[in-house]
Amino acid sequence: TERQYGLGNIDRVEFLVRNFGCQYKIIRYLEDNNLSGAVIDNWSVWHAPSVSFYAEANHFMTFAYPIDDNLKLRDTLINGYIKYIYYNEDIKKRHFENKDPLVSASRRLKEPTETYLLSNSTLIEKIDKCLLYKINTELLF
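None of these values were measured; they are calculated from a predicted model. (Residues numbered from 1 in each chain as written. Predicted model: local features only at pLDDT ≥ 70, side-chain atom pairs only at ≥ 80, totals over all residues. Heavy atoms only, no water.)

Visitor: It is not clear to me how the pairing of strand β4 (residues 121–127) should be interpreted in this structure. Could you clarify?
Guide: As a general feature of sheets, a regular strand has side chains that alternate between the two faces. In the sheet, β4 pairs with strand β5 (residues 130–135) via 6 bridges, with the strands oriented antiparallel. In the sheet register, I127 faces β5, and the bridge partner there is C130. Connecting β4 to the next strand, β5, in antiparallel fashion are 2 residues, including D128 with a positive phi near 55°. (Pairing = 2+ DSSP bridges. Helix = DSSP H or I, 4+ residues; strand = E, 2+ residues; numbered from the N terminus.)

Structure, rendered in structure tokens:
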């Protein structure tokens, strides 16, 4: 693949899709549909390559927040321009199967917030095992 890209036989997008699969396709989906805003990506850390630096209009980030005050959570999302949740089903599964104490501690912080947000989100794109949700902040009361 690298040789074909270097020779100019495939373009940058095809090269990145071949190397990063649906993770990069989600980035392209956001850009192709002019969807800007921060994207929660809690599970790629430690278990997938980081391709978020290829996202030009979106910032990918991990996110954990106490869900005891939904109005503050909503304000945090709105003020931080956090609009989406992304995850790869296989990568998320690997994250949950990892018994490393640091990974487990990280998971315990992020899972409740993401579960709550997903229950108030709409799936807008599924590519292979990669899912992209739009957070419905108006439902967070």
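Visitor: Could you clarify how one ought to interpret the packing of aromatic side chains in this entry?
Guide: Here a ring pair, both rings aromatic, is described through the centre-centre distance and the interplanar angle of the planes. Going through the model one piece at a time under the given rule, you end up with 7 aromatic pairs. The interplanar angle of 40° and the centroid separation of 4.3 Å between the aromatic rings of F53 and Y54 together place this pair among those described as tilted. Looking at F53, the relative accessible area reads 57%, which means it is exposed. Of the residues examined, Y54 reaches a relative accessible area of 19% and is grouped as buried. Across the ring face of F96, the terminal group of R107 is positioned such that the distance to the ring centre comes to 5.4 Å. (Phe/Tyr/Trp six-rings, centres within 6.5 Å; stacked < 30°, edge-to-face > 60°. Buried < 20%, exposed > 50% of the residue type's maximum accessible area, 1.4 Å probe, protein only. Lys NZ or Arg CZ within 6 Å of the ring centre and 35° of its normal.)

Visitor: Just checking my understanding: could you explain the nonpolar core for this structure?
Guide: Burial of nonpolar side chains together is a common tendency in soluble globular proteins. Among the nonpolar cores identified, the biggest contains 18 residues, and I26, I27, L30, V39, F60, Y86 and L132 are the most heavily contacted of them. Ranked by the residues each element gives to this core, the list is headed by helix α3 (residues 22–32), at 5 residues. Non-local contacts of I26, meaning those with residues more than four positions away in its chain, are made with Y86, E125, I127, C130 and L132. (Core = buried A, V, L, I, M, F, W, Y, C linked by side-chain atoms within 4.5 Å. Contact = heavy atoms within 4.5 Å.)

Visitor: I would appreciate a short explanation of the environment of Y86 in the present structure.
Guide: Here Y86 lies in strand β3 (residues 82–88). With residues up to four places along the chain from it excluded, the contact list for Y86 reads Q23, I26, V39, I40, D41, S44, F60, C130, L131 and L132.

Visitor: Would you explain the side chain of K92 in this entry?
Guide: Mapping K92 onto the fold places it in helix α5 (residues 89–97). Among the polar contacts listed, one links the side chain of K92 to the side chain of E114, at a separation of 3.0 Å. Once residues within four sequence positions are removed from consideration, K92 is found in contact with W43, Y87, E114 and L118. (Polar contact = N/O pair within 3.5 Å; in protein donor to acceptor, adjacent residues only side chain to side chain.)

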